[in-house]
Amino acid sequence: MESESSTTTTTHVVLLPFVAFGHLMPFHQLAIALAKSGVRVSYVSTPRNIERLPKPSHNLSHLLNFVSLPLPILDSHPLPDSAEATVDVPLEEIPYLTKAFDLLKQPFERFVSEKKPNWVIIDFIPHWGADVARNCGVPVMSFSAFSAATKVFFGPPEFLAGEGQKRARSTPESLTSPPPWVTFPSEVAFRRFDAAGVLFGFYGMNASEKSASERVARSIEASQAVAIRSCREIEGEYLSLFAELIGKPVIPVGLLPPEKPERREITDKSWGEIFDWLDQQPPKSVVFAGFGSECKLSKEQIYEIAYGLEASNLPFLWALRKPSWAIDDSDALPPGFSQRTSNKHKVCIGWAPQMEILSHPSIGGSLFHSGWGSVIETLQFGHVLVVLPLFGDQALNARLLVEKGLAIEVERGEDGSFSRDDIAESLRQAMVSEKGEGMRARLREAAAVASDRKLHDHYVDEFVELLKKGVGKLNQ
């Protein structure tokens, strides 16, 4: 069958992200960047996830096609109605969501076989996308929405599964220092309180019948190259080392920074009032606290964050998702907290216009979980970074930022607990103390890199050239 793409000069790429918004959004940003460069993109996901993605501008509609494949029903363990992303299910249900997502292999293969794109670009969870591409005679590449430092820490495929994994990473202690293949000084490693969960969650078998580490290994092994949401200016040494480790091209596609809002378009009355309050605050004086939709904070954690923000004596805006344990919005905060703090501080429970908040001139710092997407969003504005990693790769990103002198990490106890005093002290040091001035200067330099549209567009242009010419032309 003749390739549909071969009938035109337009390169056609199919993107297959996993159904978590920490994956869906970076793939969406990659799709937008490729379409702006003239690449035809088919973005494959489930109907509800596609509905929840930001709508691209109309001038890209002829190049950007969102392909809805219904999420199969898992007969052995049905998921809740309308559950199509990790945010829709409890943590313990995610392996079953993954198993249901794996059942999309056949409909995905029908789509790829019919369209015959020039490339299939896969996430690491749906490693089977590489099998589909091979069956259809289409080259495949994996795209990592994680930092290059994270990729290096977990290492090449031989240490991700099988006997090699057992030799290199068999105990929690083996995750608490940089691995032996890191050839330069590095602070990127887990703390003891993170490590046990990572050993089980990343390397352990689960109800999806494949560990996350095995999925990563298979996706790397099957790919002609690995693209990473990063840039040499920030992670040059890690990008180079990862290419050496896997023996394949590693291609930074730039940070894919989200567009800065050109103007504020807030129609919600309560948010209008909050922005009116922000307008009255001095420049760079307000802390923005937010931990996203995937982090499930306990009552003790939320209370300590609340008391710590209050004790910092800094004005703050906190975007808080109503926790599952709270009866209503008022139950999510310590008793009397809202009444004591409402004049100098603002708490919004529910959705928040994050980019509009981050771009406001009164915001000067962020207290957040250090997910890679949030790091990129925040870094481009030059805000000081106070990081409180909660799960997954967040801890590795936090150590990377601290290593580069770009963040302060909240102190933790041996059990991972943190106190209000730890929160308050970290915020004061980052925002106002003389001790934090060096970090603030480095962040201004990093912001110039993270916000440089011309630089990151150039990374995308280089990536597009590779897609057109093929990996074999990379060094020619």
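This section reports on the structure supplied with the text. These figures come from a predicted structure and were not determined experimentally.

### Regarding the pairing of strand β5 (residues 140-144)
Then, number 1: Taken across its five residues, β5 has five buried, putting it largely inside the fold.
Then, number 2: Alternating residues of β5 divide into Val140, Ser142 and Ser144 and Met141 and Phe143, and every residue in both groups is buried.
Then, number 3: Read from strand β4 (residues 119-122) through helix α5 (residues 128-135) to β5, the crossover connection turns out right-handed.
Then, number 4: Bridging between β5 and strand β6 (residues 226-228) involves three bridges; their strand directions are parallel. Bridge pairing in β6 places serine 144 opposite isoleucine 228.

### Some words on the nonpolar core
Then, number 1: Counting 114 residues, the largest nonpolar core has Phe108, Val120, Phe154, Ile305, Leu309, Trp318 and Leu367 as its most contacted members.
Then, number 2: Ranked by the residues each element gives to this core, the list is headed by helix α10 (residues 232-246), at seven residues.
Then, number 3: Looking at which domains feed residues into this core, each of domain 1 (12-256 + 453-469) and domain 2 (269-451) supplies at least three.
Then, number 4: With near-sequence residues (within four places) excluded, phenylalanine 108 lies in contact with Val14, Leu16, Val44, Leu69, Val120, Trp128, Gly129 and Val132.

### A few points about the side chain of serine 147
Then, number 1: As for its position among the elements, serine 147 is in the loop between β5 and α6 (148-154).
Then, number 2: For serine 147, a relative accessible area of 0% puts it in the buried group.
Then, number 3: In this structure the side chain of serine 147 is engaged in a polar contact, spanning 2.9 Å, whose partner is the side chain of threonine 150.
Then, number 4: Within the local environment of serine 147, its side chain forms a polar contact with the side chain of asparagine 397, the two groups lying 3.0 Å apart.

### Considering the packing of aromatic side chains
Then, number 1: Under the definition given, this model contains 17 aromatic pairs.
Then, number 2: The interplanar angle of 75° and the centroid separation of 6.1 Å between the aromatic rings of phenylalanine 108 and tryptophan 128 together place this pair among those described as edge-to-face. A residue pair is termed long-range when its members are at least 10 positions apart, and phenylalanine 108 in helix α4 (residues 105-115) and tryptophan 128 in helix α5 qualify at 20 residues. Tryptophan 128 matches phenylalanine 108 in its accessibility class, with the two residues each being buried.
Then, number 3: Feature note: the residues Phe153, Phe154, Phe190, Phe202 and Tyr203 constitute an aromatic cluster, connected by ring pairs.
Then, number 4: If you follow arginine 169 out to its NZ or CZ, it ends over the ring of phenylalanine 153, 4.4 Å from the centre.

### Digging into the sheet that holds strand β7 (residues 250-252)
Then, number 1: Spatially, the seven strands line up as an open sheet ordered β3-β2-β1-β4-β5-β6-β7, and their pairing is parallel. In this open sheet, the two strands that pair with only one neighbour each are β3 (64-68) and β7. Ignoring which end each strand starts from, the neighbouring axes of this sheet average 25° apart.
Then, number 2: Each of β1 (12-16), β4, β5, β6 and β7 touches helix α19 (residues 453-469); the most contacted strand, β4, lies at about 130° to it.

Rules used throughout
Residues numbered from 1 in each chain as written. Predicted model: local features only at pLDDT ≥ 70, side-chain atom pairs only at ≥ 80, totals over all residues. Heavy atoms only, no water. Buried < 20%, exposed > 50% of the residue type's maximum accessible area, 1.4 Å probe, protein only. Helix = DSSP H or I, 4+ residues; strand = E, 2+ residues; numbered from the N terminus. Right-handed = clockwise from strand over helix to strand, strands pointing away. Pairing = 2+ DSSP bridges. Core = buried A, V, L, I, M, F, W, Y, C linked by side-chain atoms within 4.5 Å. Domains from an automatic or database assignment. Contact = heavy atoms within 4.5 Å. Polar contact = N/O pair within 3.5 Å; in protein donor to acceptor, adjacent residues only side chain to side chain. Phe/Tyr/Trp six-rings, centres within 6.5 Å; stacked < 30°, edge-to-face > 60°. Lys NZ or Arg CZ within 6 Å of the ring centre and 35° of its normal. Axes fitted to C-alpha atoms, helices over the stretch in contact; angles between N-to-C directions.

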